[in-house]
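# What the coordinates show
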Amino acid sequence: MYPNQILLETLESKHSEYIDMLPALQEIDLLISGGYKLKNAIRHFIPRRPGEIDELYEIRLKKHTYLNILSTNVNEQVSKLANAPMTVEGLDVNPKFWSAFRENTDLAGRSEKNLITLIFRELLKFKKIFVHVDKNKSDVIPVNRLQEESLGIRPYIVNYSPLQVINWSESKGKLNWLKIRQISEDNSNPIAAPRKVCTWTIIDGTYVVKYSAFVEIDGKGNITKINSEMINADTAISLQSTIEHGFGTVPVIKLELPDQLWVCDQAASKALEHLRIDCSKYDLLTMAYFQRTFKRIQTPDGDFENSYENQEPLPTGLAHVIELEKFEWSEPHGYMIEHMSNSLQSIETQVRDLVAAGGVSSGNAALAQSGVSKQMDFAKQESMLRSYGEIIIDAYQDILQLVAKAQGLDGSEISVTGLNSFENDTLDSVLMKLDSVSKLNIGSLKANLPPSALKVIYEQMVGMLTGNLSASQKEEVNKEIELLLASIKTGDTFIV
């Protein structure tokens, strides 16, 4: 069992990998988030120039501009994978529960498709994500499964970002335990100021344990006060709850990409380069002209016993100018703007290609490609998407088996397939495919394929034509497929 109090120093202990990766993950998070979140941290991305005075630095920061190319390209990849067909088999027992779960995986209305979307986006951003299968609590302790259902107690999914999971232990690819640190805001009292709450959640093979306290945090996320008191070596945090989860194993699945598939690790530096060039370009465009040279005004020296040298900065309003015998103003040259614009366009292409295909930019000639040529170029992108899909469906199968275990169901027959076909076609090509499919001799296939194989192939083919469906729609379509296949005879063709 866990003690009633634990030292803050112990709870705040972090995994060495977390410490090493945190700065990079925070930078990626800001670059993808953009907007006001990035604006509030813009000093991290646009450093002060050598010798730049405060006033000029603040003016330059206010000219901040950012085109969120990283988020745009990540979202495009996420959309392609999320719209690929996915099939889940083995949910025949208690279909009512499974239909409800797949329509609402987090008890807040998040569908299965949105869960897959969230998992993939977090993987592209942070390389890993932790998925926790939990059950909601009730004031009444149920005595059987029927009472659980009447109280609305059922499994649901909680996702933890690697920014939140600060420590863990694993062996042979499975978690032994993990510790999650979350900062929230308590607004329960309408006549009091909101207070920040830090919650540490420890999950092991037997328990889910929570410690929490009201805290004050500095700009770097470090705790400075606990319950309005300064922290010290003896500061301890109180236990809030201990729950025996009953899984017999850690009910958390860790999904992690191999290094070569973590594209944001490569693309983030290019997105940062784009941000800085874009800000410099905008700063340059807002100057009608700028001073290049400066001629110091000479004043007579009235003290013949001592000589003085004026060490004051040059009163030009600029960080660096050259002192010459002449005074000159210059307008920005057009070729400088053109060069910066070309650089920005090149970086945008590089980021797109890094995220989409893991390679280098193919250049502007890609814009003039034919449809067939573009489909050939999609081959590498689809290969990467299939690699992502394999990782996600393997993990999602484990997640559904954990959900089945939490619900008291046999999950050994659950199988997840799909996420391996990605539509890049136009309407014309879709119509051509429909025409080809309508001529298939399904009766001949039925005579030469095992029934189960034919059913899987048929479902995948229909899934490719219909795209992603809701859980209830999939269930209805699969029932209709079974009836249709049962009625097909040798020599029959598939009719759309």
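What you see is a predicted model, and the numbers here were worked out from it, not measured in a lab.

### Brief notes about the confidence of the model for the chain
- Chain-level statistics for the chain give a pLDDT mean of 81 and a share of 77% at 70 or above.
- Contacts from residues 358–368, a stretch scored under 50 in pLDDT, to residues over four places away or in other chains number 16 contacts.

### Thoughts on the pattern of salt bridges
- Counted under the stated rule, the structure contains 21 salt bridges.
- One salt bridge connects Arg-60 with Glu-52, and the closest N-O pair in it is separated by 2.8 Å. Per residue, the accessibility class of Arg-60 equals that of Glu-52, and both read buried.
- The partner of Arg-386 in a salt bridge is Glu-382, with the nearest N and O atoms 3.5 Å apart. One end of the pair, Arg-386, and the other, Glu-382, are both in helix α12 (residues 371–406), four residues apart, so they sit about a helical turn from each other.

### Notes on the packing of aromatic side chains
- Taken as a whole and judged by the stated rule, the model has six aromatic pairs.
- Measuring from centroid to centroid gives 5.0 Å for Phe-120 and Tyr-388, while their planes differ by 55°, and the two rings are tilted. Note that Phe-120 is positioned in helix α8 (residues 112–126) and Tyr-388 in helix α12, a separation of 268 residues in sequence. In this structure, Phe-120 and Tyr-388 share a single accessibility class: buried.
- Through pairs of rings, three or more aromatic residues link up here, namely Phe-97, Trp-98 and Phe-101.

### Focus on the sheet that holds strand β4 (residues 155–160)
- Read from one edge to the other, the open sheet built from three strands follows the order β4-β3-β12, with strand pairing classed as antiparallel. For this open sheet the edge positions go to β4 and β12 (252–256), each flanked by a neighbour on one side alone. Neighbour-to-neighbour, the strand axes of the sheet open up by a mean angle of 25°, direction not taken into account.

### A closer look at the pairing of strand β9 (residues 223–226)
- Two strands pair when backbone bridges link them, and strand β8 (residues 207–217) and β9 are joined in this way by three bridges, in the antiparallel orientation. Paired with Ile-217 across the strands is Ile-223, a residue of β9.
- If you look at the hairpin formed by β8 and β9, you'll find five residues sitting between the two strands, and Gly-221 has a positive phi there, around 85°.
- One ladder, built from two bridges, connects β9 with strand β10 (residues 229–230); its direction is antiparallel. By the bridge assignment, Lys-225 is partnered in β10 with Met-230.

### Re helix α6 (residues 69–82)
- Given a rise of 1.5 Å per residue, 14 residues ought to cover 20 Å, and the 20 Å separating the end C-alpha atoms of α6 matches this to within 8%.
- Most of α6 is tucked away: ten of the 14 residues are buried.
- Taken together, the buried positions of α6 are occupied by Ile-69, Leu-70, Ser-71, Asn-73, Val-74, Gln-77, Val-78, Lys-80, Leu-81 and Ala-82.

### With respect to helix α2 (residues 16–33)
- Here α2 spans 26 Å end to end across 18 residues, near enough to the 26 Å set by a 1.5 Å rise per residue.
- Considering bend angle alone, the principal kink of α2 is centred on Leu-22 and spans about 45°; proline Pro-23 follows within four residues of it.
- All buried positions along α2 are accounted for by Tyr-18, Leu-25, Ile-28, Asp-29, Leu-30, Leu-31 and Ile-32.
- Each element contacted by the buried residues of α2 is listed here: α3 (35–39), α4 (42–45), α6, α8, β5 (165–171) and α10 (264–285).
- The first or second residue beyond α2 is Gly-34, which carries a positive phi of 60°.

### With respect to the nonpolar core
- Ranked by internal contacts, the top residues of the largest apolar core, which has 71 residues, are Leu-31, Leu-70, Trp-98, Leu-275, Tyr-388 and Tyr-396.
- Sorting elements by how many residues they give to this core places α12 first, with 13 residues.
- Leu-11, Val-215, Ile-226 and Ile-237 belong to the second-largest nonpolar core, a separate cluster that totals 14 residues.

### Quick word on unusual backbone geometry
- We note that Asn-94 has phi near 55°; this positive angle belongs to a residue other than glycine.
- Along the chain, Asn-94 turns up in the loop between β2 (86–89) and α7 (95–103).
- One non-glycine residue, Asn-227, adopts positive backbone phi at about 50°.
- Residue position: Asn-227 is located in the loop between β9 and β10.

### Quick look at the packing of α2 against α10
- α10 packs onto α2 with a crossing angle of 60° between their chain directions and a minimal axis gap of 10 Å. Between α2 and α10, the angle falls in the class oblique. Where α2 crosses over α10, the handedness of that crossing is left-handed. Every residue of α10 that contacts α2 at Glu-27, Ile-28, Leu-31 and Ile-32 is listed here: Cys-264, Asp-265, Ala-268, Ala-271, Leu-272 and Leu-275.
- Considering only residue class, the contact of α2 with α10 consists of eight nonpolar, no polar and two charged.

Quick notes on the rules
- Residues numbered from 1 in each chain as written.
- Predicted model: local features only at pLDDT ≥ 70, side-chain atom pairs only at ≥ 80, totals over all residues.
- Heavy atoms only, no water.
- pLDDT = per-residue confidence, 0-100.
- Contact = heavy atoms within 4.5 Å.
- Salt bridge = Lys/Arg side-chain N within 4 Å of Asp/Glu carboxyl O.
- Buried < 20%, exposed > 50% of the residue type's maximum accessible area, 1.4 Å probe, protein only.
- Helix = DSSP H or I, 4+ residues; strand = E, 2+ residues; numbered from the N terminus.
- Phe/Tyr/Trp six-rings, centres within 6.5 Å; stacked < 30°, edge-to-face > 60°.
- Pairing = 2+ DSSP bridges.
- Axes fitted to C-alpha atoms, helices over the stretch in contact; angles between N-to-C directions.
- Expected span 1.5 Å × (residues − 1).
- Bend = angle between axes of the 7 residues up to and from the residue.
- Core = buried A, V, L, I, M, F, W, Y, C linked by side-chain atoms within 4.5 Å.
- Parallel < 35°, antiparallel > 145°, perpendicular 65-115°, else oblique.
- Left-handed = near helix turned anticlockwise from the far one by under 90°.
- Nonpolar A, V, L, I, M, F, W, Y, C, P; charged D, E, K, R; others polar.

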